[in-house]
Amino acid sequence: MSLASGPGPGWLLFSFGMGLVSGSKCPNNCLCQAQEVNCTAKQLTEYPLDIPLNTRRLFVNENRITSLPAMHLGLLSDLVYLDCQKNWIREVMDYTFIGVFKLIYLDLSSNNLTSISPLTFSVLSNLVHLNIANNPHLLSLHKFTFANTTSLRYLDLRNTGLQTLDSAALHHLPVLETLFLSGNPWKCNCSFLDFAIFLIVSHMDPSDDLNATCVEPTELTGWPITRVGNPLRYMCITHLDHKDYFFLLLIGFGIFAAGTVAAWLTGVCAVLYQNIRRKSSEEDEDEAGTRLEVSRRIFPTQTSSVQEFPQLI
């Protein structure tokens, strides 16, 4: 079967074989020794392809790499340490790290990350250290982003664009010891309440506790996010603001108007009923009088006898 006929099994084996061959060399300008490849600050614009397959530690930091190719990265099945900090990586897709399931250390800090797929770290159950700090365009994280990283002990989320975080995002990290959350524009509104309460209940105190503060609303600006749970509970559950009072006033007016209309309709119906009943009574009386008059004309003697009977007694 020719290669032009499509990406069949032969083509996949050929590609894998080429990966084995190319993976036996060392990338240009990089230093390779003792299962470690160091490509730090080599002005790379792409992920280096000629990386030995037995590599355990890989440094590609301080370059201009924009993406991590899953196919080539997946060939490094023994990789345990990956440093990608200070690059131009914009996003990490589903199963980017599908082949590096032994990975323990991952540094994606100081990049241009705008999104992280919920399945990005899904195979990294051995991951212990994760750093995604200094990504100011990273505005949100899915609640299942860390669902399978149950071995994680160190998580750095400093200086990103995160404004809130789902309370379920950290539920799957039972052995987490170090957590950094400072430098983020936390909006401590009612949508932040669940996460704030989670921090209190779980006793998960960030290592930069006093520096992880709220930027909104005004009354909570500068408050540590670990201490806004009770104020938010008051503001969002027991406290009524101006909008709530306006809403209650509107409801009250609606109930009053509805009651007034209902009372008016009831009165109208009552009046109409009384009028109909009165007319019916008058008609019955007229009919009875007419019948009596007719009977008097037809039976005058009987009527006189009836009238004189009391006098005879």
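If you check an unreviewed UniProt entry, the protein chain appears there as LRRNT domain-containing protein from Macaca mulatta. Taken from UniProt, the Subcellular location (unreviewed entry) comment for the protein chain reads in full: "Cell membrane".

J.: Explain the overall build of the protein chain to me, please; I cannot follow it from the model alone.
T.: Check the secondary structure of the protein chain and you find six helices and twelve strands. The proportion of buried residues among the 313 residues of the protein chain is 33%. The contacts in the protein chain between residues at least 6 apart in sequence include a share of 54% that link residues at least 24 apart.

J.: It is not clear to me how the state of the cysteines should be interpreted in this structure. Could you clarify?
T.: A covalent bond between the sulfur atoms of two cysteines is referred to as a disulfide. The final tally for this structure, using the stated rule, is four disulfides. A disulfide bridge connects C30 with C39, and the sulfur atoms are separated by 2.0 Å. Handedness of the C30-C39 disulfide follows from its S-S torsion of about 120 degrees: it is right-handed. You'll find C30 and C39 in the same group, each marked buried. Along the protein chain, the cysteines engaged in disulfide bonds are linked according to the scheme 1-3, 2-4, 5-7, 6-8 when indexed in sequence order.

J.: Where do I start with helix α3 (residues 193-201) in this structure?
T.: For an α-helix the count is 3.6 residues per turn, leaving residues at separations of three or four pointing the same way. Taken as a whole, α3 has its buried residues at L193, F195, A196, F198 and L199. Positive backbone phi, at 55 degrees, marks H203, one or two positions downstream of α3.

J.: So what exactly am I meant to see when it comes to the pattern of salt bridges here?
T.: Following the criterion strictly, the structure yields four salt bridges and no others. One salt bridge connects E36 with R57, and the closest N-O pair in it is separated by 3.1 Å. Within this pair, whereas E36 is found in strand β2 (residues 36-38), its partner R57 is found in strand β3 (residues 57-59), the two being separated by 21 residues in sequence. Overall, E36 belongs to the partly exposed group, its relative accessible area being 23%. Its salt-bridge partner being R153, residue E177 comes within 2.8 Å of it at the nearest N-O pair. Within this pair, whereas E177 is found in the loop between β9 (154-156) and β10 (178-180), its partner R153 is found in the loop between β8 (129-131) and β9, the two being separated by 24 residues in sequence. By relative accessible area, which is 56% here, E177 ends up exposed.

J.: So what exactly am I meant to see when it comes to the side chain of T160 here?
T.: Along the chain, T160 turns up in the loop between β9 and β10. T160 sits in the buried class, given a relative accessible area of 5%.

J.: For this particular structure, what's the right way to read the environment of N87?
T.: Among the structural elements, N87 can be located in the loop between β4 (81-83) and β5 (91-92). Residue N87 is classed as buried on the basis of its relative accessible area, which comes to 3%. With residues near it in sequence (within four places) discarded, N87 still touches V60, N61, E62, N63, R64, I65, S110, N111 and N112. For N87, the side chain forms a polar contact with the main-chain oxygen of C84, separated by 3.0 Å. At 3.3 Å, the side chain of N87 forms a polar contact with the backbone oxygen of Q85.

J.: Whenever I open this one, the packing of aromatic side chains confuses me. Can you help?
T.: How two aromatic rings sit relative to each other is given by the distance of their centres and the angle of their planes. In the structure shown here, the tally under the stated rule is nine aromatic pairs. Pairing F97 with F121 gives two aromatic rings, centres 6.2 Å apart and planes at 15 degrees, and the pair type is stacked. Of this pair, F97 sits in the loop between β5 and β6 (105-107) while F121 sits in the loop between β7 (115-116) and β8; the two residues are 24 residues apart in sequence, bridging distant segments of the chain. Accessibility classification places F97 together with F121 in one group, the buried group.

J.: What should I look at first to understand unusual backbone geometry in this one?
T.: Generally, phi is negative for residues other than glycine and the peptide bonds are trans, each holding for most cases. The omega torsion of the bond from E216 to P217 falls at -5 degrees, within 30 degrees of zero and hence cis. Of note, P217 is situated in the loop between β12 (214-216) and α4 (229-238). Located in the positive-phi region is Q35, a residue other than glycine, with phi close to 60 degrees. Within the secondary structure, Q35 sits in the loop between β1 (31-33) and β2.

J.: Whenever I open this one, the confidence of the model for the protein chain confuses me. Can you help?
T.: A low pLDDT score tells you not to read the predicted coordinates there in detail. In this model, the protein chain carries an average pLDDT of 85, and 83% of its residues clear a pLDDT of 70 or more. Confidence drops under pLDDT 50 across residues 1-22; counting only partners more than four residues distant or on other chains, this segment forms eleven contacts.

J.: Hey, could you run me through the sheet that holds β6 in this one?
T.: Ordered by their spatial adjacency, eight strands build an open sheet running β1-β2-β3-β4-β6-β8-β9-β10, and the pairing between neighbours is mixed. Either end of the sheet is taken by a strand with one partner, and the two such strands are β1 and β10. When strand polarity is set aside, the average angle formed by the axes of neighbouring strands in this sheet is 5 degrees. Taken together, the three bridges between β6 and β8 define a ladder with parallel strand orientation. When the bridges of β8 are listed, Y105 appears paired with H129.

Rules used in this analysis
- Residues numbered from 1 in each chain as written.
- Predicted model: local features only at pLDDT ≥ 70, side-chain atom pairs only at ≥ 80, totals over all residues.
- Heavy atoms only, no water.
- UniProt positions renumbered as here; feature names shortened; annotations may be inferred.
- Helix = DSSP H or I, 4+ residues; strand = E, 2+ residues; numbered from the N terminus.
- Buried < 20%, exposed > 50% of the residue type's maximum accessible area, 1.4 Å probe, protein only.
- Contact = heavy atoms within 4.5 Å.
- Disulfide = S-S within 2.5 Å.
- Salt bridge = Lys/Arg side-chain N within 4 Å of Asp/Glu carboxyl O.
- Polar contact = N/O pair within 3.5 Å; in protein donor to acceptor, adjacent residues only side chain to side chain.
- Phe/Tyr/Trp six-rings, centres within 6.5 Å; stacked < 30°, edge-to-face > 60°.
- pLDDT = per-residue confidence, 0-100.
- Pairing = 2+ DSSP bridges.
- Axes fitted to C-alpha atoms, helices over the stretch in contact; angles between N-to-C directions.

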